[in-house]
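Report on the structure
Now for the letters of each chain:
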Amino acid sequence: MELTKEQFIQDFEKTLTDKYAKPLIQAGQQEIFQSLADVVKSYYAPIWQEDLAYKDESQKKQAYYFSIEFLPGQMLKSNLLNLGIMDTVREALSDLNVSLDELAEVEPDMAIGNGGLGRLASCFMDSLASKGLPGNGNGIRYRYGLFKQKIIDGYQCELPDSWLDNGNPWEVRRPEQAVEVTFGGEVWLEDDGKGSLKPHYRDQERVLAVPYDNPMVGYENSTVNNMCLWRSEIPEDLDVRFQNLDYMNQTAQLSAELYPDDSNYDGRLLRLKQEYFFVSAGLQRILKHYKKHIKAPISQIHEYVAVHINDTHPALCVPEFMRLLIDDWGLAWEQAWEITVKVMSYTNHTILPEAMEKWPEDMVQNLLPRVYQIILEIDRRRTKDLLPKVGPTLVHSTRIVKDGQIHMAHLSIIGSHSTNGVAKLHSDLIKDVVLHDFYTIYPERFNNKTNGIAERRWLQISNEKLSSLIDETIGRAWRHDLNELVLLKNYKDNPDFLSQLQAVKKADKVRLAEVIKERNDIEVNTEAIFDVQVKRLHAYKRQLLNVLHIMKLYFDIKDDPSIDIYPRVFIFGSKAAPGYHYAKSIIKAINEIANLINNDTDVAGRLKIVFMENYNVSLAEYIIPAADVSEQISLASKEASGTSNMKLMLNGALTMATLDGANIEIKDAVGDENIFIFGLTKDEVYDYYARGDYNAHDIYKSNPVLNRILNAFRDGTIPNIANEGPEIFASLTTYNDEYFVLRDFDDYVRAQAEVEALYRDQTAWTKASLANIANAGRFSSDRTVQEYADDIWYIKANKA
Ligand SMILES: *Cc1c(COP(=O)(O)O)cnc(C)c1O
């Protein structure tokens, strides 16, 4: 949009007065931030209104991305950048003696997601809007987001994330569009006299779902999409007899808290309730919109609406859409089913068996009696149809309801026309191994959509210095099409450019070093290699492998303090699920190892370990630009895609990688000479499983380096881990090292030595760094969402 400094200052000062009756000099940061946000809102609101009206009138197909998590982070800079007014506003504020960067810190992260899954959903929201694609989000407006992590005595403590205390300035509450969601009670079917069965209900618990619309501003393209987040409330007309404290609490709880575990699904009623809550509310809103604005009959809804099931949490979309079509719209089963399959599509995000979501049948039956009937009927009809075609073995292995459980992945695949994995390797594993029986029955449904990241946040906003350097070198076109970055390759032998690239990295490291000094009170050497592993803490991600390597370097120094070791700063950022005991033990161990090594005079500052607390999107925006090395060291076959690998690559870090997830595609993009590959391959891992002959204890016994390191966990060498040390030791030896940490250790050490060698040649390193930046274009989520739009949703850009 067009905006002059003068106009902005006028708008800003007026808003501050209107809101707080204060002049700028008396206003606090919070008041200034809120006023600025209101001004920005006044800029996008007219575009938003126009887009909403356009979508009502244009009769164009829209996609709805259902996700139980979103992880947008802070929105101020994102909105300014995408509106094209970042520089104007920054300069105008600076004229008023206000720092935009400091002000932006006032905004709490919108952290209504756990990690990669939620962040992907938010990158998609940014990309959909930035490509002008009509794609909406649908989720839950959790009152408390992902817990805030505090490290006390090396332990993770969890504090509530009360992010809404000062309100969310961007959202719009729309009570007039509230819908009702019901739970429990009894349901029975009665003939309606016209030959069909109609459900009747008794004693249902009623909850009001109120939508809050959040603007998803597109990048310099006058598009504002919608992300709808639902809040649970008590219906106004609720009979006082039902308004007891239990009910009130339960209703409030539905949108109170994000489930803070991103991989294990213990049977939890509240979680199931949340899933149904936002699914039912979202689908009801879509159908109301359809009724009001779309001129075609309901039987054509698949030509106007695509619903995406992001992981299995929204899998109830399938039976709930059936319920609405049959019970409310009067469609026959066959027709409703055909439409449902065409409307729905599904992304699988993990193949870890403990993360495959299942719900006990009786729980679903009690909580959602009508939906349960429909699930049984879907399963019954499919079994009957398929038995003669594919035989009992395949039918049984792919059933939705079996062994007293409802299998949510099965429901999602059977009830949709598309199932995709999130990187090539992952999609192959789905087809060949994990969901092979489904692939046999429905081969045409399976496809790959390699994940991506929104370069607006992960480069333009978080790394302004690198962005400016790129502008000066190849112009601005890359800001609209990340593939343009390949033009940087022309500068790989240009010493001026390479030294400027080094200077940018150095400046980003200095900036991070200041944050580390302030938050951790640790001095780090900005000439050192910044070696970064930031991601949720999980055994399969193998933060422990990183730790064992650090211990190896430590012992090398202890054995010979004069050894020539290139200085390194190891930076960790990681939250553990509150109930994940082992992950929390690893955090404690990292912190104690940091204490040991950071303060050892023999080490003399050559190694520093920094565990940054409360890893979240805004902290990632500081850490990632400063990284030299990106640790992507999960056991091959376990990480579906990864996205921090892409963010780090885009910012010029070199990847230390196993052949897992999207690392393989990163390797293909940058070439073998610009990445460090080590470790078992997926096939080697599966061979071990097939033979069943992995023996971690043998490695512990026979490898003297590892022997010494592992002993350090239980002989007091690493202090203050009397409980955690032996636990970690046992998991790696007695319990046979589930993720082959010991097996991959030697090769990891070899590859890490290559890192050090290459880093000593700064020109060679910087060229490799450049190759990573220049080849990152394909990992833009703009590319990913365009593939979803073309191959899965069949939607076209608004103004196309
Ligand atoms: C990108 C991101 C993740 C995902 O990291 P992976 O290494 O891909 O698991 C998690 N948390 C935050 C805050 C992120 O920005």
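Residues numbered from 1 in each chain as written. Predicted model: local features only at pLDDT ≥ 70, side-chain atom pairs only at ≥ 80, totals over all residues. Heavy atoms only, no water.

Okay, the overall build of the chain next. Helices and strands together make up the secondary structure of the chain, namely 31 helices and 23 strands. In terms of overall size, the chain behaves like a compact globule, its C-alpha atoms giving a radius of gyration of 27 Å where 800 residues would be expected to give roughly 28 Å. Oriented by its inertia axes, the alpha-carbon framework of the chain measures out at about 90 × 70 × 55 Å. Every one of the 800 residues in the chain was classed for burial, and the buried ones make up 62%. In the chain, the proportion of contacts linking residues at least 24 apart, taken out of those at least 6 apart, comes to 77%. As displayed, the chain offers around 29900 Å² of accessible surface, 49% of which is attributable to carbon and sulfur atoms. Of the side chains in the chain, 88 bear a positive and 117 a negative charge, and the two mean positions are spaced by 3 Å. (Helix = DSSP H or I, 4+ residues; strand = E, 2+ residues; numbered from the N terminus. Rg over C-alpha atoms; globule rule 2.2 N^0.38 Å. Buried < 20%, exposed > 50% of the residue type's maximum accessible area, 1.4 Å probe, protein only. Contact = heavy atoms within 4.5 Å. Areas by Shrake-Rupley, 256 points an atom, 1.4 Å probe, with all protein chains shown as cover. Lys, Arg positive; Asp, Glu negative; His and termini not counted. Charge placed at Lys NZ, Arg CZ, Asp CG, Glu CD.)

Here the focus is the environment of Ala620. Note that Ala620 resides in helix α22 (residues 617-623). Of the residues examined, Ala620 reaches a relative accessible area of 2% and is grouped as buried. Spatially, the C-alpha atom of Ala620 lies 9.9 Å from that of Gly73, the residues being 547 residues apart in sequence. Not counting the four nearest positions on each side in its chain, Ala620 is found in contact with Trp458, Tyr615 and Pro625.

Another point: the site of the ligand. Taken together, the neighbourhood of the ligand is formed by 14 residues, with Lys535, Lys541, Thr643, Ser644 and Lys647 sitting nearest. Lys535 is positioned with one of its side-chain polar atoms (N or O) 2.7 Å from an oxygen atom of the ligand. Within the side chain of Lys647, a nitrogen or oxygen atom sits 2.6 Å from an oxygen atom of the ligand. When the ligand is considered free in solution it has 390 Å² of accessible area, and contact with the protein chains removes 95% of it. The set of elements that each furnish at least two residues to the shell around the ligand consists of α6 (116-130) and α23 (644-650). Classifying every residue of the shell around the ligand by side-chain character gives 4 nonpolar, 6 polar and 4 charged. Counting the residues that make up the shell around the ligand, at least three belong to each of domain 2 (59-74 + 113-448 + 785-793) and domain 3 (455-682 + 744-777). (Near = heavy atom within 4 Å. Polar contact = N/O pair within 3.5 Å; in protein donor to acceptor, adjacent residues only side chain to side chain. Nonpolar A, V, L, I, M, F, W, Y, C, P; charged D, E, K, R; others polar. Domains from an automatic or database assignment.)

Our next topic: the packing of aromatic side chains. This structure, assessed with the given rule, holds 24 aromatic pairs. A ring pair is formed by Phe66 and Phe278, whose centres lie 6.2 Å apart and whose planes are at 35 degrees; its orientation type is tilted. With Phe66 in strand β1 (residues 62-66) and Phe278 in helix α8 (residues 269-293), the pair connects residues that are 212 residues apart, well separated along the chain. Look at Phe278 and you get buried, because its relative accessible area is 0%. In this structure an aromatic cluster arises from ring pairing among Tyr686, Tyr688, Tyr689, Tyr694 and Phe740. Lying across the ring of Phe183, Lys273 places its NZ or CZ 5.2 Å from the centre. Looking at Arg691, its charged tip hangs above the ring of Tyr688, at a distance of 5.0 Å from the centre. (Phe/Tyr/Trp six-rings, centres within 6.5 Å; stacked < 30°, edge-to-face > 60°. Lys NZ or Arg CZ within 6 Å of the ring centre and 35° of its normal.)

Note that Asn82 resides in helix α3 (residues 76-83). Look at Asn82 and you get buried, because its relative accessible area is 3%. Within the local environment of Asn82, its side chain forms a polar contact with the backbone oxygen of Val217, the two atoms lying 2.8 Å apart. Sequence-distant contacts of Asn82, defined by excluding residues within four places in its chain, comprise Asp126, Ser130, Val217, Gly218, Tyr219, Glu220 and Arg456.

All buried positions along helix α4 (residues 86-95) are accounted for by Met86, Thr88, Val89, Ala92 and Leu93. Buried positions in α4, seen along its axis, are confined to an arc of 165 degrees and lie on one side of it. For α4, the elements touching its buried residues are α1 (5-20), α2 (29-58), α3, α5 (100-104), α17 (455-461) and α18 (464-474). (Arc of directions from axis to C-beta.)

Attention shifts here to the sheet that holds strand β14 (residues 401-402). Two pairing modes exist for strands in a sheet, parallel and antiparallel, and in both the strands are linked by backbone hydrogen bonds. Taken in spatial order, the 3 strands make up an open sheet running β13-β15-β14, and their pairing is antiparallel. Sheet topology places β13 (358-360) and β14 at the edges, where each strand pairs with a single neighbour. (Pairing = 2+ DSSP bridges.)

With that out of the way, let us pick up the domain arrangement of the chain. Domains assigned within the chain are domain 1 (1-47 + 80-108), domain 2 (59-74 + 113-448 + 785-793) and domain 3 (455-682 + 744-777). Taking only C-alpha atoms into account, the centre of domain 1 sits 35 Å from that of domain 3. Of the roughly 400 Å² buried between domain 1 and domain 3, counting both surfaces, carbon and sulfur atoms make up 51%. There are 1 salt bridge connecting domain 1 and domain 3. The closest approach of N and O atoms between Arg90 and Glu464, which form a salt bridge, is 2.6 Å. For the side of domain 1 that touches domain 3, the secondary-structure elements that each account for two or more residues are α3 and α4. Looking at the side of domain 1 that touches domain 3 residue by residue, the classes come out as 2 nonpolar, 1 polar and 2 charged. (Buried area = accessible area lost by both parts, 1.4 Å probe. Salt bridge = Lys/Arg side-chain N within 4 Å of Asp/Glu carboxyl O.)

In a packed pair of helices, the relevant descriptors are the angle between the two axes and the axis-to-axis distance. Viewed as axis vectors pointing N to C, α8 and helix α9 (residues 317-328) meet at an angle of 40 degrees, and their least axial separation amounts to 10 Å. With respect to α9, the axis of α8 lies oblique. Seen along the crossing, α8 lies across α9 with a hand that is right-handed. Listed contacts from α9 to Tyr276, Val279, Ser280, Leu283, Gln284 and Leu287 of α8 are Cys317, Glu320, Phe321, Arg323, Leu324 and Leu325. Taken together, the residues of the contact of α8 with α9 sort by class into 8 nonpolar, 2 polar and 2 charged. (Axes fitted to C-alpha atoms, helices over the stretch in contact; angles between N-to-C directions. Parallel < 35°, antiparallel > 145°, perpendicular 65-115°, else oblique. Left-handed = near helix turned anticlockwise from the far one by under 90°.)

Let's shift gears to the sheet that holds strand β20 (residues 607-612). Taken together, 6 strands build an open sheet; the order of strands is β20-β19-β18-β21-β22-β23 and the sheet is parallel. Each edge of the open sheet is held by one strand with a lone partner, namely β20 and β23 (676-677). Each of β21 (629-632), β22 (654-657) and β23 touches helix α30 (residues 762-774); the most contacted strand, β22, lies at about 85 degrees to it.

This next bit is on the UniProt feature "modified residue: N6-(pyridoxal phosphate)lysine" (unreviewed entry) in the chain. Those places that UniProt annotates as "modified residue: N6-(pyridoxal phosphate)lysine" (unreviewed entry) correspond, in this numbering, to Lys647. Within the secondary structure layout, Lys647 lies in helix α23. When residues no more than four places from it in sequence are discounted, the contact partners of Lys647 are Arg119, Ile453, Trp458 and Ile624. (UniProt positions renumbered as here; feature names shortened; annotations may be inferred.)

Side chains of strand β12 (residues 344-347) alternate between two faces, with Met344 and Tyr346 and Ser345 and Thr347 buried alike. Of the pairings in the sheet, the one linking strand β11 (residues 305-310) to β12 comprises 4 bridges and is parallel in character. Residue pairing across strands places Ile309 opposite Tyr346, the latter belonging to β12. Across 2 bridges, β12 lies against strand β16 (residues 419-421) in parallel orientation. By the bridge assignment for β16, Tyr346 is matched with Thr419.

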